[in-house]
Amino acid sequence: RGGGRGAQGAQGNESDDELKYGDKPDELYDAQLDEKDEKWVSDRYLKHARRNSDAVLNCPACFTVLCFDCQRHAYYPNQYRAMFVQNCKVMLKQTTRPVKGDTDPDAVYHEVHCASCDLNIAVRDPDEVYHFFNVLPSEKSGDQTQKKRVKVH
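Computed from a predicted model, the values in this text were never measured in an experiment. (Residues numbered from 1 in each chain as written. Predicted model: local features only at pLDDT ≥ 70, side-chain atom pairs only at ≥ 80, totals over all residues. Heavy atoms only, no water.)

### With respect to the overall build of the protein chain
1) Next: Scanning the protein chain for helices and strands turns up two helices and nine strands.
2) Next: Walking the protein chain from its N terminus toward its C terminus, one meets helices and strands in the order α-β-β-β-β-β-β-β-β-β-α.
3) Next: Expressed as a percentage of its 153 residues, the buried residues of the protein chain come to 22%.
4) Next: A fraction of 35% describes how many contacts in the protein chain between residues 6 or more apart in sequence connect residues 24 or more apart. (Helix = DSSP H or I, 4+ residues; strand = E, 2+ residues; numbered from the N terminus. Buried < 20%, exposed > 50% of the residue type's maximum accessible area, 1.4 Å probe, protein only. Contact = heavy atoms within 4.5 Å.)

### Notes on the sheet that holds strand β3 (residues 71-72)
1) Next: If you trace the six strands from one edge of the open sheet to the other, you get β3-β4-β8-β7-β6-β5, paired in antiparallel fashion. Each edge of the sheet is formed by a strand with only one pairing partner; in this case those strands are β3 and β5 (88-96). (Pairing = 2+ DSSP bridges.)

### Looking at unusual backbone geometry
1) Next: A positive phi angle, close to 65°, is found at Phe 63, a residue other than glycine.
2) Next: Relative to the helices and strands, Phe 63 is located in the loop between β1 (57-58) and β2 (65-67).
3) Next: Not every positive phi belongs to a glycine, and Asn 87 is a case in point at roughly 55°.
4) Next: You can see Asn 87 is positioned in the loop between β4 (80-82) and β5.
5) Next: Residue classification places Asn 87 among the partly exposed residues on the basis of a relative accessible area of 29%.

### Re the side chain of Thr 64
1) Next: Within the secondary structure layout, Thr 64 lies in the loop between β1 and β2.
2) Next: The class of Thr 64 is buried, set by a relative accessible area of 16%.
3) Next: Among all residues touching Thr 64, those that are not within four sequence positions of it are Leu 57, Asn 58, Cys 59, Asn 87, Cys 114 and Ser 116.

### Looking at the confidence of the model for the protein chain
1) Next: When pLDDT is averaged across the protein chain, the result is 76; 67% of the residues are at 70 or more.
2) Next: Counting interchain partners and residues more than four positions distant, the pLDDT-below-50 stretch residues 1-10 has 22 contacts.
3) Next: Below pLDDT 50 for its whole length, residues 141-151 participates in six contacts with residues either more than four positions away or in separate chains. (pLDDT = per-residue confidence, 0-100.)

### Quick notes on the nonpolar core
1) Next: Core analysis: the largest hydrophobic core is formed by 16 residues, its most contacted members being Leu 57, Leu 66, Cys 70, Tyr 80, Ile 121, Phe 132 and Val 135.
2) Next: For this core, the elements supplying multiple residues, two or more each, are β2, β4, β6 (109-114), β7 (120-124) and β8 (130-132).
3) Next: Beyond its immediate chain neighbours, meaning those up to four positions away, Leu 66 contacts Leu 57, Asn 58, Cys 59, Val 85, Gln 86, Asn 87, Cys 88, Cys 114, Ile 121, Phe 132 and Val 135. (Core = buried A, V, L, I, M, F, W, Y, C linked by side-chain atoms within 4.5 Å.)

### A few points about the pattern of salt bridges
1) Next: Inspection of the entire model under this criterion finds one salt bridge.
2) Next: Residue Lys 89 pairs with Asp 118 through a salt bridge whose shortest N-O separation is 3.1 Å. Of this pair, Lys 89 sits in strand β5 while Asp 118 is found in the loop between β6 and β7, placing the two residues 29 residues apart along the sequence.
3) Next: The class for Asp 118 is partly exposed, based on a relative accessible area of 38%. (Salt bridge = Lys/Arg side-chain N within 4 Å of Asp/Glu carboxyl O.)

### Focus: a negative patch on the surface
1) Next: A cluster of acidic residues, Asp 34, Glu 35, Asp 37 and Glu 38, forms a negative patch on the protein surface.
2) Next: Tracing the backbone shows Asp 34 in helix α1 (residues 33-49). (Patch = residues over 30% accessible without salt bridge, like charges linked within 9 Å, V, L, I, M, F, W, Y side chains within 5 Å. Areas by Shrake-Rupley, 256 points an atom, 1.4 Å probe, with all protein chains shown as cover. Lys, Arg positive; Asp, Glu negative; His and termini not counted. Charge placed at Lys NZ, Arg CZ, Asp CG, Glu CD.)

Below, the structure is given as structure tokens:
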């Protein structure tokens, strides 16, 4: 009989209504799950880590990843630009004009919102470059492995 713990009869025999573990495979168990999860993370995220990006950008409201490959603005350290984004939706009916001093004063910029929570996070210019201003940046790609350890005495 299958193993398992159940009620014992008066004479020490197993009861007929005993639960039999091992009779049916556990529907929620997958022996290959760790390998599948590792492959999914590698395929989706780690291939982006090899790029020379200034940061990984996340939505500050819901922490959804928005961009793996971006360049920090030369004068405004909390602004980034990127060409390849994800989890972003361009609001084609919501436009804005560039600020004073822009090279093309007639350009029209479209608002960009987080696809998960609808927060306004960026604008897209006529060349389809995304300019992020309301994001949560990560450490620079690879910075954590290059930091020098400081000994505390």
